[in-house]
Amino acid sequence: MRAMGPYFASSAAPEAGKSDTALAPWGETAVVGKPLPRVDAAERVSGSAVYTLDLQLPGMLHAAILRCPHAHARVKGVDTSRAEAMPGVRAVLTASTPGAAIPWHVTRKGALSALFDPHCRHEGEEVAAVAADTPYQAYDALRVISVEYDILPFVSDPERALDADAPAVHEGGNLQAPTDVYERGDLQAGFAAADAIVEQTYRTAVQIHTPMELHGSVARWDGDRLTVWDTTQGVFGVRSQLAQMFKLPLSSVRVISHYMGGGFGSKFELGKYGAIAALLARTTGRPVRCVLTREESFLCVGNRPSNVITVKAGAKRDGTLTAIEARLKGPVGAYPSSSTSAYLVADLYQCPNVRTEETDVYINAGQARPFRAPGFPPCSWALEQTLDALAEKIGLDPVELRLKNIPTVSQLRNNRPYTSTGLAACLREGAKAFGWSAARKHPRGRGLLRRGVGVAAGMWGYPGEPNASAIVKLFADGSANLNSGASDLGTGTKTVLAQVVAEELSIPLDRIEVENADTGTTQYAPASGGSQTVLVNAPAVRAAAAAVKAELLAIAADELKRPAASLLLRNGAVEAAGDPGLHVPFPELKELGRREVLMAVGWRGPNPATKVALPFVAQFAEVEVDTTTGEVRVVRFVAAHDSGRVMNRLTYESQVIGGINMGIGYALTEQRVLDRQTGKMVNANWHDYKLATAMDAPADVIVLPIDPHDTECNTTGAKGLGEPATIPTASAIANAVYDAIGVRVADSPISPMQLAALLAKSGTRG
Ligand code: MOS
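Residues numbered from 1 in each chain as written. Predicted model: local features only at pLDDT ≥ 70, side-chain atom pairs only at ≥ 80, totals over all residues. Heavy atoms only, no water.

Chemist: Help me out: how do you make sense of the sheet that holds strand β27 (residues 597–603) in this one?
Modeler: Strand pairs in the sheet, formed through backbone hydrogen bonds, run parallel or antiparallel to each other. If you trace the four strands from one edge of the open sheet to the other, you get β23-β22-β21-β27, paired in mixed fashion. Looking at the sheet topology across the chains shown, the edges are occupied by β23 (512–516) and β27. Strand after strand, the sheet turns through a mean of 15 degrees between neighbouring axes, direction not considered. As defined by bridge partners, strand β22 (residues 480–484) adjoins β23 across five bridges and the pair is classed as parallel. Bridged to Ser484 within β23 is Asn516. Running over the sheet, helix α13 (residues 493–505) touches β21 (469–475), β22 and β23 and is turned about 135 degrees from β23. Running over the sheet, helix α14 (residues 533–560) touches β21, β22 and β27 and is turned about 145 degrees from β27. (Pairing = 2+ DSSP bridges. Helix = DSSP H or I, 4+ residues; strand = E, 2+ residues; numbered from the N terminus. Axes fitted to C-alpha atoms, helices over the stretch in contact; angles between N-to-C directions. Contact = heavy atoms within 4.5 Å.)

Printed below as a string of structure tokens:
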């Protein structure tokens, strides 16, 4: 099975002795786990937080990008003379501008494209860019650039992409890579041993990231030094790409991302908008802001690709899985993508005989990018509906069927055991909180409105790795500073990391300042994502804070003439166990005052060598289906998550509720619609692309943390939450819809149009 995309790359483990691995796991915690509001909540809600998009620099110019309006075309000529003469226009870039021939989509076989590639492989590809004094002048200038296009035939249907007569997206055809096959056991023997077999083809729609904060960058040159404020999940990766692009030392490139309004995987890399801002800034000698419009963000900064997944699964009468086979065909868009959509088939359930076959094809549409659990929600859509169908066929409760096949080892990793597997507990506790048994027996209703319940399980497949680092400083007055390179995507990373400092140093959260995501001033952290941000950074922060604490205790022991081991920290003071009289607030320690600051660097140690640490989940949905209109309403929801330790109950709930809402959109309304005649996206805006809104969210949601007290995964016990929160949501809803009306909806989304047609076909339309 293919490895996950490059953003999960790991680096070497840190030197022994400097990492967190020497620390004992936490027992009960005082600050960690509490439902504390975000440390930057006031800035975020008052509007005083300066996001990349808010930045205003003296003399700053505004960029706008001219994009190819066709699904597939070749640029034969660009005339920018009228644009250059427009008022306020300071620079225009095209493929032929000296210095603008930047290779893009670079693979081992070479670059597949360029910053401005005359071969436009999808609607929205970059053709030219303008910098002007105002945004209006920049957009006006775009309108007078004349481009001569050779409009080419396109392919947007993945099931047509490999036909001999299909238009080639790239020279060499539309197969991204040879079909990827994973196999274990004996599939035929497995099916022969089954008492029941089900098989069905499922299709998932393309989902668009649409983070609240648009994609954009502001670039400024100071001589040969480049500073870019970027809305990115990983400042260090963007720095490397910019350094390479401009042939600069890493030390001369500074990338800053203090506040983020979401990325969901679409902001891991340097965007073309960032490269264009930097180029235009160099050309004009002025700072340049390049922020995409909402409409542009639908076309060219990524998506969750669609998939056609055929699953065949067999089980014994008692529910034991004997074989699973899956064939997946996914279009990645016009450029490569490297995630796998077959993972869950091979590792979520114990099953000796498995075969997966994955084929990725190019089509003339925007490129796939990592998107909140890349590959997992589509796979869940197919696999978890398959499990449901199998349960029905053998007459077993869907929860029981899943419980029968709980893995204790990672079958994709040589059967290495998990540090903890909370999957059974998620299913059992979740079912209890949901009232599953009773709900299964409830009448479905006989009128126009039918009720149904569904369950789906899930897991995430990639643990975090070293090497994150952090610096903690304790100042003479007892306040502290935390320095970490991690982007806070809006999930509360800064808050959770500050809680770790507060926990170790026993100081209040509001005495801790956090400096983050600035390659010029902060410690290295990998890009935030992959449900790894907390579990790669928090152990490093803990190591740094613990080292400061050790130094503080040593100072106190010296000054108070007591052994360090007898002292403890409580409420910003040094105290002694068994001596209630001793209470020395940090500022009263003379040596601390003399030194002004205690400082330590912490690293995250390696993962356990012989085990695998991953999060698990089970979600339960109740839906109401209107059999006349085909509308589906999610009435209530239970999300039981084994993500290890809850670091902050409030941000934990936010993460899960957000994941559920994203899953509701995926299940019911979200889909990129390409016009069959033109290949152009017809719903590239927030009006026609239907996100689930507050109106679609069930009022009754229970977020149920299942904490197995994992002391082996890392020194904080956290296993990652962001992605598991959305992996099985849509499948649970699809299973609930089936329970309500007895109609299996194989294709996402379960739109009213599709469902009404299916109801009519099955004779159950109200
Ligand atoms: Mo995510 S796809 O790891 O932002």
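Chemist: Would you explain unusual backbone geometry in this entry?
Modeler: The general pattern is negative phi for most residues beyond glycine and trans for most peptide bonds. Look at the link from Ser748 to Pro749: it is a cis peptide, with omega at -10 degrees. Turning to its location among the elements, Pro749 is positioned in the loop between α17 (729–741) and α18 (752–762). Here the phi dihedral of His105 falls at roughly 50 degrees; this positive angle occurs in a residue that is not glycine. Its location among the elements puts His105 in strand β4 (residues 103–107). With a phi angle near 60 degrees, Asn415 is a residue other than glycine that sits in the positive phi range. With respect to the element layout, Asn415 can be found in the loop between β18 (409–410) and β19 (416–417). Among the residues examined, Asn415 registers a relative accessible area of 46% and is labelled partly exposed. (Buried < 20%, exposed > 50% of the residue type's maximum accessible area, 1.4 Å probe, protein only.)

Chemist: What is the right way to read the sheet that holds strand β8 (residues 146–151) from this model?
Modeler: Strand order across the open sheet formed by three strands is β6-β2-β8, with antiparallel pairing between neighbours. What marks the edges here is a single partner per strand, and that holds for β6 (119–120) and β8. Taken together, the six bridges between strand β2 (residues 73–79) and β8 define a ladder with antiparallel strand orientation. Pairing of Ala73 across the sheet is with Ile151, part of β8.

Chemist: I keep staring at the packing of aromatic side chains and nothing clicks. Help me out?
Modeler: The geometry of an aromatic ring pair comes down to the distance between the two centres and the angle between the two planes. On inspection of all chains with the given rule, the structure shows 13 aromatic pairs. Residues Trp221 and Phe246 carry aromatic rings whose centres are separated by 5.0 Å and whose planes lie at 85 degrees to one another, so their mutual orientation is edge-to-face. Linking Trp221 in strand β11 (residues 216–222) with Phe246 in helix α5 (residues 235–246), this pair joins segments that are 25 residues apart in sequence. Overall, Trp221 belongs to the buried group, its relative accessible area being 16%. Residue class for Phe246 comes out buried when judged on its relative accessible area of 9%. (Phe/Tyr/Trp six-rings, centres within 6.5 Å; stacked < 30°, edge-to-face > 60°.)

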